[in-house]
Amino acid sequence: GWNHFDTLLQTYVTADGLVDYRNIKITSDNYIQYNSAISVADLSRFRGNDLKAHLINAYNFSVIKNVLRFYPTSSVTKIPGFFDGLKYPLGKQKFSLDELEKELLFKQFNDPRLHFVLNCGAMSCPPLTQKAYRPQNLDEQLDAQTRLVLNDTNFVMVDTVNNQLKLSMLFNWYA
């Protein structure tokens, strides 16, 4: 499953985390196979980092999937119910992005690094990586992505002229 998501990310995500939605082919084997893998996976069989990595990947994939569903769109905020209404198959149930994030991920894993790996499909959100998150090196991946975001001037900027620290809205949403 994750190998298909890796190929999708490596093919359609730029090094700086932008997704080439226009050129993603919905009929791509990797897209279809990963979609099938997350839809049928039995969540009760996952534990610890296996579950954490699976849910992170499922979230990021679901964002891509739904942007494609409504493509072209200028913003995910223009898609009614994008975060709280539209449901995505995951295991034997369906979840909204908000439910997946708050009820599944953050309720089970109180890890602030998650805020830096979940991509919401907007420029103000952390960029996607070109690799799926894997349980065997998940902590290293979470640390690396957190460092990347915290050192990105789109998220944290020191304004020495005005003696101010400017933070992305991400820090306001998840103070």
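Residues numbered from 1 in each chain as written. Predicted model: local features only at pLDDT ≥ 70, side-chain atom pairs only at ≥ 80, totals over all residues. Heavy atoms only, no water.

1. Here we look at the packing of aromatic side chains
Taken as a whole, this structure holds 2 aromatic pairs when the rule is applied. Taking the centre distance of 4.9 Å and the plane angle of 80 degrees together, the rings of Phe82 and Phe83 count as edge-to-face. (Phe/Tyr/Trp six-rings, centres within 6.5 Å; stacked < 30°, edge-to-face > 60°.)

2. Digging into the nonpolar core
Within the largest apolar cluster, 48 residues are counted, with the highest numbers of intra-cluster contacts made by Leu55, Ile56, Leu90 and Leu100. For this core, the secondary-structure elements that each account for two or more residues are helix 1 (2-12), helix 2 (29-40), helix 3 (48-69), strand 1 (88-90), helix 4 (97-108) and helix 5 (138-150). Excluding residues that lie within four positions of it along the chain, Ile56 makes contacts with Leu105, Leu114, Val117, Leu118, Tyr133, Leu138 and Leu142. (Core = buried A, V, L, I, M, F, W, Y, C linked by side-chain atoms within 4.5 Å. Buried < 20%, exposed > 50% of the residue type's maximum accessible area, 1.4 Å probe, protein only. Helix = DSSP H or I, 4+ residues; strand = E, 2+ residues; numbered from the N terminus. Contact = heavy atoms within 4.5 Å.)

3. What to know about the packing of helix 3 against helix 5
The geometry of helix 3 relative to helix 5 is characterised by a closest axis approach of 10 Å and an angle of 45 degrees between their N-to-C directions. The pairing of helix 3 with helix 5 is recorded here as oblique in orientation. Along the contact surface, helix 3 presents Asn49, Lys52, Ala53 and Ile56, while helix 5 presents Leu138, Asp139 and Leu142. Its residues assigned to classes, the contact of helix 3 with helix 5 comprises 4 nonpolar, 1 polar and 2 charged. (Axes fitted to C-alpha atoms, helices over the stretch in contact; angles between N-to-C directions. Parallel < 35°, antiparallel > 145°, perpendicular 65-115°, else oblique. Nonpolar A, V, L, I, M, F, W, Y, C, P; charged D, E, K, R; others polar.)

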